[in-house]
Amino acid sequence: AQALTLGAVTLAGNSVLDTTNNGGTAAGNDITIGAVTGGTNNLTLNAGNGAGSDISGTSVSGVGTLTVTQADSASFSGNVAATTVTLTDTNNAITFDGSLTATTLNTAAQGYSVVLNGGATVTNAATFSNTGGVTLGNNSADVLTFTGGVTSTASTTTVSGEVRTDAQALTLGAVTLAGNSVLD
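Residues numbered from 1 in each chain as written. Predicted model: local features only at pLDDT ≥ 70, side-chain atom pairs only at ≥ 80, totals over all residues. Heavy atoms only, no water.

A. Expanded view of the overall build of the chain. Across its full length, the chain holds 0 helices and 21 strands. Relative to the globule expectation of 16 Å for 184 residues, the C-alpha radius of gyration of the chain, 16 Å, shows essentially globular dimensions. C-alpha atoms of the chain, sized along the principal axes, occupy 45 × 30 × 25 Å. Scored against the burial criterion, the 184 residues of the chain give a buried share of 44%. (Helix = DSSP H or I, 4+ residues; strand = E, 2+ residues; numbered from the N terminus. Rg over C-alpha atoms; globule rule 2.2 N^0.38 Å. Buried < 20%, exposed > 50% of the residue type's maximum accessible area, 1.4 Å probe, protein only.)

In structure tokens:
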């Protein structure tokens, strides 16, 4: 499978970027994508499960559903905004270095980690089902708001910053404090 590199992208319809040849080459290859403007269209990213088959994105805005199907690792360096964000699987981490804004955040019971380094706003109740760890913030100034509440009990949750739930349930299993933190 060949790597896929794109600059800025405007979605004109629901789109799939897949370096696995629709599953024909499970290992896949890298997907590198610039700023995505969604126009409420859906975007699915699948780089496969091979070592080094990474997804690297900058920012995402106005996407209906953003789905990360599979990759060795996935990272977004800028802000990501979608109605729904669905994180299906990676071999390692799915990292958001900018702010994540979503109505709904879905995770799957797989061994990857989810890293929210730039703050977050998630409207509906969020459950982190992934088992590789959850990082909520990497700086005491980070603010992560889960308006409908948040549950992270499937793996260790690392916190640095403020985690807010607007008076909804905040349920965490094992917690590691990586910096000054507030759970509210």
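B. Summary view of the packing of aromatic side chains. Considering all chains together, one arrives at 2 aromatic pairs under this definition. Between the aromatic rings of Phe76 and Phe96, the centroid separation amounts to 5.3 Å while the plane-to-plane angle is 10 degrees, which identifies the pairing as stacked. Here the residue Phe76 occupies a position in strand E9 (residues 74-76), and Phe96 occupies one in strand E11 (residues 93-96), the gap between them amounting to 20 residues. Relative accessible area serves as the criterion here: at 1%, Phe76 is assigned to the buried category. (Phe/Tyr/Trp six-rings, centres within 6.5 Å; stacked < 30°, edge-to-face > 60°.)

C. Inspection of the sheet that holds strand E20 (residues 170-172) at higher detail. With parallel pairing, 3 strands are arranged side by side in an open sheet as E15-E18-E20. What marks the edges here is a single partner per strand, and that holds for strand E15 (126-127) and E20. Here strand E18 (residues 150-152) pairs with E20 via 3 bridges, running parallel. The residue bridging Val150 from the neighbouring strand is Leu170, located in E20. (Pairing = 2+ DSSP bridges.)

D. Expanded view of the pairing of strand E17 (residues 143-146). Direction of pairing for strand E14 (residues 120-122) relative to E17: parallel, over a ladder of 3 bridges. If you follow Thr121 over to E17, its bridge partner there is Thr145. Looking at chain direction, E17 and strand E19 (residues 157-164) are connected through 3 bridges and run parallel. Directly across from Leu144, in E19, lies its bridge partner Val163.

E. A look at the pattern of salt bridges. Within this structure, the stated rule accounts for 1 salt bridge. Glu162 serves as the salt-bridge partner of Arg164, at 2.5 Å between the closest nitrogen and oxygen. (Salt bridge = Lys/Arg side-chain N within 4 Å of Asp/Glu carboxyl O.)

F. Layout of empty space enclosed by the protein. With the rule as written, the count across this model stands at 1 cavity of 30 Å³ or more. For the largest cavity, the calculated volume is near 30 Å³. Lining the largest cavity are Ile33, Val36, Leu43, Leu45, Gly57, Thr58, Ser59, Val60, Leu66 and Phe76. Those elements giving two or more residues to the lining of the largest cavity turn out to be strand E6 (43-46) and strand E8 (60-70). (1 Å grid on protein atoms, 1.4 Å probe; cavity = no way out; pocket = protein on both sides within 12 Å on 5 of 7 lines; lining within 4 Å. Points joined across faces, edges and corners; volume = space filled by probe spheres on them.)

G. Broad picture of unusual backbone geometry. The phi dihedral of Asn21 falls on the positive side, at around 55 degrees, and the residue is not glycine. A relative accessible area of 61% places Asn21 in the exposed class. The backbone of Ala167 sits at a positive phi, close to 65 degrees, despite the residue not being glycine. Relative to the helices and strands, Ala167 is located in the loop between E19 and E20.

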